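# Remarks on the overall topology
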Amino acid sequence: MVYTKKSPALLIIGIVLLAIWYLAQSGMMNGYLEHLAMGKKYKMMSELTTLPLYFGVISAVLGAWQLFGSHKEGHFDYYSSTIAGGMFILLIAMLVRWFVAPEVAVVSHAMGKVGETGKYIHKLLGLNYVVLGILAGIIVVNVFKVPEWAQNGVRLSRLGLKTGVILLGTLYSAAELKNLGGLSIVMIGFFVLGSVGMTLWIGARRNIPNSMGGVLSAGMGVCGVSATVAAAPVVQAKSVEIAYTIGTILLWGVGCMFVFPIVGHLFGMSYIQFGAWAGTGILNSAQVAGAALAFQPDGIETLKVAEIFNITRVLVLPIIVLWLAVWYVRREEGAAQVNVGEVIFNKFPVFVLGFILLFALSTTGIFAPANHYKGKYFNNTTDFKESKLLKAEDKATLQSELGKVEREDRKAALGRLIENGKVMSIDDDDVLRGLVNSKVLSKDANHILKHAHKAVRHTAKKVKAFRHWIVWLFAFGLTGLGMQITVASMKQAGGQPAVIGGIVGATKAILSLVVVLMLISDKV
Amino acid sequence: MESANNILLASHGTEGAQAAEQMAIELCNKGGHVHHLIVVPKRLWEGMTGDDWLNNGSTRDTFRRYLEDQLSQEVQEHQARVSEAAKAKDLNYTTEVIVGEPEECLINTSKKEVFDLLVMGSPRPKGVAGLKSRMLTDSTRSLGVPTVIVPYPDE
């Protein structure tokens, strides 16, 4: 079978991308971009005048070859058939990032702030390019259906996300990874075991079949749909039980993606607190990344924390699958025996090795100089330009707002900044970034804090490039994953799994919130 | 209550459809023909890997194969049940399994030959657990066959 379709779709995508580039490059789009920027400078101009050109040329050339060339069966043909779908996702992700998300912000501003929250509705709901990308994917698959020529390529979204996680390996310092890893093992260990146990216990009380209890506990406890997919054959789940479980998890996950960032902002959570909470409390792993980027759209600190939790979950998955397999065999006569080695080997997440490899490479200083992670400009007066110190009026603004800050660690870090005119340590920097994100202070004060952060934190060029690619890979991956969330599968949420899932999911979300707020500070 | 010689029985495995099976057997004249159309809803089962991205391709393949086996087993059980009931009444029983959109498959099959009657189950009442997939939609208005919609078993 020849998979590559003789369709003009890829060529058209290329032409559309080139048209976008031309309109942006020639200035013909300036009026519209000014409207989107709401009086400020349009932030994504450099992307808009480069990326559509590169991908437009690639799409147009390959599209012409796919349409007019001849294709034969084989591996190359299969890979070639994925290009159109991949470019389709990319085009949607680009349109959402450059035009739809800013337009939503414009409309939201026009509607005014919501009641006493003092926030615009798009900020309140976290309607940024990532969340809107997922929503666009969901709309495409449910309203229009994914076109046939794009179906093979839509699967590339998983590759995008896994590559994003692998590249994230370049952004952790050894201390950061050690501390976050330790924290995630404790949190995930406790909450995974707790929720798997709780689901099995409630399931037994409500007399649901063992197969349903098994598949539901994996989904509720470990990493949502991924765990359900891994555990269903092992506990011999019936098709209707799988449908119930996946429907419940998807519905719950999509809901959490909107609710978690709102709650996170309400509690003034730091990046680490929110990443840890989302990584523990959200059932489904795709929505963990979505919620992290919804909480902090202009940076990836929250995503870094959340993904460590996702990696820990997926490493725990083979163990839980084994546990459920043994549990099921003991309860069901005639259940197939489990081959431990086979389960561990088949379920081991290979991409985590890529993450570890890139982390190991980054510790050698190949991507950034050693002092990048130590913070060259902290505590160092010789290298620090005096012009970058806070001015007297900036200090006065911060001093006048010091009273708004309640947490002692934030108050102390802000005090040191006012006293010295610069951020004095990496810890202080983390705490102050958390303060900015909590939006406790005024816009002017937050602006000053952002400048103070930039004065001490110089990002290495390669690291900056990695961050840029990671953001795009996640936007691409999550938009593509949105195209795999069907309303037909979400509608299946119901029956006992919905009741048990609701109880376990809510308990996990609330308990992990309490633990995070009580035990985790702004820094690791 | 026998009234038809050639009946199209449409089902896709829900509880409501099982009530329709009994009715189709009851309504068919002795020696008549029941053509059993079983639709496996494509969009529903295609979406069952959802947004999984953490698993390896082999785990997803194992899951897909397992799900296909499960569905195939359920279809066979379904066919065996109706076939047995048809045999007991000396009816000619044929069956057809299609993976696709329920309403589309139903309309296509109903046009393949002249049926005296179409028998199908009614949608599941609110609050009753079960798969949520309907054969009876607005587009089924274009069916050119007299249709019997059998009430849900508990009604």
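Because the structure is a prediction, the values reported are computed rather than measured.

## Examining the overall build of chain A
- Within chain A one finds 27 helices and 2 strands.
- Seen along its three principal axes, the alpha-carbon backbone of chain A occupies a region of about 80 × 60 × 50 Å.
- When each of the 524 residues of chain A is scored for burial, the buried share is 50%.
- In chain A, the proportion of contacts linking residues at least 24 apart, taken out of those at least 6 apart, comes to 80%.

## Observations concerning the overall build of chain B
- Of the regular secondary structure elements, chain B holds 4 helices and 5 strands.
- Listing every helix and strand of chain B by position from the N terminus yields β-α-β-α-α-β-α-β-β.
- Residues counted as buried form 41% of the 155 residues belonging to chain B.
- Pairs at least 24 residues apart make up 83% of the contacts formed inside chain B by residues separated by at least 6 positions.

## Description of the interface of chain B and chain A
- Of the residues lining the interface, 25 residues belong to chain B; the matching set on chain A comes to 35 residues.
- At the level of secondary structure, the elements contributing two or more residues to the side of chain B that touches chain A comprise α2 (42–46) and α3 (57–88) of chain B.
- For the side of chain B that touches chain A, the element with the highest residue contribution is α3 of chain B, accounting for 10 residues.
- Grouping the constituent residues of the side of chain B that touches chain A by class yields 10 nonpolar, 9 polar and 6 charged.

## Here we look at the environment of R206 of chain A
All names here are of chain A.
- Topologically, R206 is positioned in the loop between α11 (174–205) and α12 (210–223).
- Of the residues examined, R206 has 12 C-beta atoms within 10 Å and is grouped as exposed.
- Between the C-alpha atoms of R206 and G275, which are 69 residues apart in sequence, the distance is 34 Å.
- Here R206 is in contact with Q496 and I500, once residues within four sequence places are set aside.

## Things to note about the domain arrangement of chain A
Residues and elements named next belong to chain A.
- Partitioning chain A into structural domains gives domain 1 (9–150), domain 2 (167–370 + 464–519) and domain 3 (388–424 + 436–456).
- Averaged C-alpha coordinates put domain 1 and domain 2 at centres separated by 28 Å.
- The partner domain 2 presents 22 residues to the 22 residues of domain 1 that form the contact.
- Broken down by secondary-structure element, the contributors of at least two residues to the side of domain 1 that touches domain 2 are α6 (83–111) and α8 (129–144).
- Per-element tally for the side of domain 1 that touches domain 2: the top contributor is α8, with 12 residues.

## Overview of the sheet that holds strand β4 (residues 117–121) of chain B
Residues and elements named next belong to chain B.
- Taking strand neighbours across the sheet as the criterion, the 5 strands line up as β3-β2-β1-β4-β5 in an open arrangement whose pairing is parallel. A strand with exactly one partner marks an edge of an open sheet, and here the two such strands are β3 (92–100) and β5 (147–150). Within the sheet, the average angular offset between the axes of one strand and its neighbour, ignoring direction, is 20°.
- Relative to β3, strand β2 (residues 28–41) runs parallel, the two sharing 9 bridges. Each residue of the ladder has a partner; that of I38, found in β3, is V97.

## Some words on the nonpolar core
- Counting 174 residues, the largest nonpolar core has A231, A291, I320 and F474 of chain A together with I7, A24 and V119 of chain B as its most contacted members.
- If near-sequence neighbours (up to four positions away) are discounted, A231 of chain A is found in contact with G214, V215, A218, V321 and L324 of chain A.
- Membership of the second largest hydrophobic core comes to 16 residues, among which are A413, L417, L435 and V456 of chain A.

## Some remarks on the pairing of strand β1 (residues 4–11) of chain B
Residues and elements named next belong to chain B.
- Here β1 lies mainly inside the structure; 6 of its 8 residues are buried.
- Here 7 bridges tie β1 to β2, and the two strands are oriented parallel to one another. Paired with A4 across the bridge in β2 is C28.

## Quick notes on the packing of α12 of chain A against helix α17 (residues 301–331) of chain A
Residues and elements named next belong to chain A.
- Contact geometry of α12 with α17 gives a least axis separation of 10 Å together with a crossing angle of 165°. By the angle between their directions, the pair α12 and α17 is classed as roughly antiparallel. Judged by the twist between their axes, the crossing of α12 over α17 is right-handed. Only R313, V314, V316, L317, I320, V321, L324, W327, Y328 and R331 of α17 make contact with α12, whose side of the interface consists of N210, G214, S217, A218, G221, V222 and C223.
- A breakdown of the residues in the contact of α12 with α17 according to their chemical character gives 11 nonpolar, 4 polar and 2 charged.

## Quick look at helix α24 (residues 443–456) of chain A
Residues and elements named next belong to chain A.
- Helix length check: α24, at 14 residues, gives a terminal C-alpha distance of 21 Å against a target of 20 Å (1.5 Å per residue), a fit within 8%.
- Considered for burial, the residues of α24 that qualify are A445, I448, L449, A452 and V456. Buried residues of α24 fall within an arc of 100° about the axis and therefore sit on the same side. For α24, the exposed residues set more than 90 degrees away from the buried face come down to K443, D444, H451 and K454.
- Considering only its buried residues, α24 is in contact with α21 (392–401), α22 (408–420) and α23 (426–438).

Rules and cut-offs
Residues numbered from 1 in each chain as written. Chains lettered and ligands numbered in written order. Predicted model: local features only at pLDDT ≥ 70, side-chain atom pairs only at ≥ 80, totals over all residues. Helix = DSSP H or I, 4+ residues; strand = E, 2+ residues; numbered from the N terminus. Buried ≥ 20, exposed ≤ 12 C-beta atoms within 10 Å, placed from the backbone. Contact = placed C-beta atoms within 7 Å. Nonpolar A, V, L, I, M, F, W, Y, C, P; charged D, E, K, R; others polar. Domains from an automatic or database assignment. Pairing = 2+ DSSP bridges. Axes fitted to C-alpha atoms, helices over the stretch in contact; angles between N-to-C directions. Core = buried A, V, L, I, M, F, W, Y, C linked by C-beta atoms within 7 Å. Parallel < 35°, antiparallel > 145°, perpendicular 65-115°, else oblique. Left-handed = near helix turned anticlockwise from the far one by under 90°. Expected span 1.5 Å × (residues − 1). Arc of directions from axis to C-beta.

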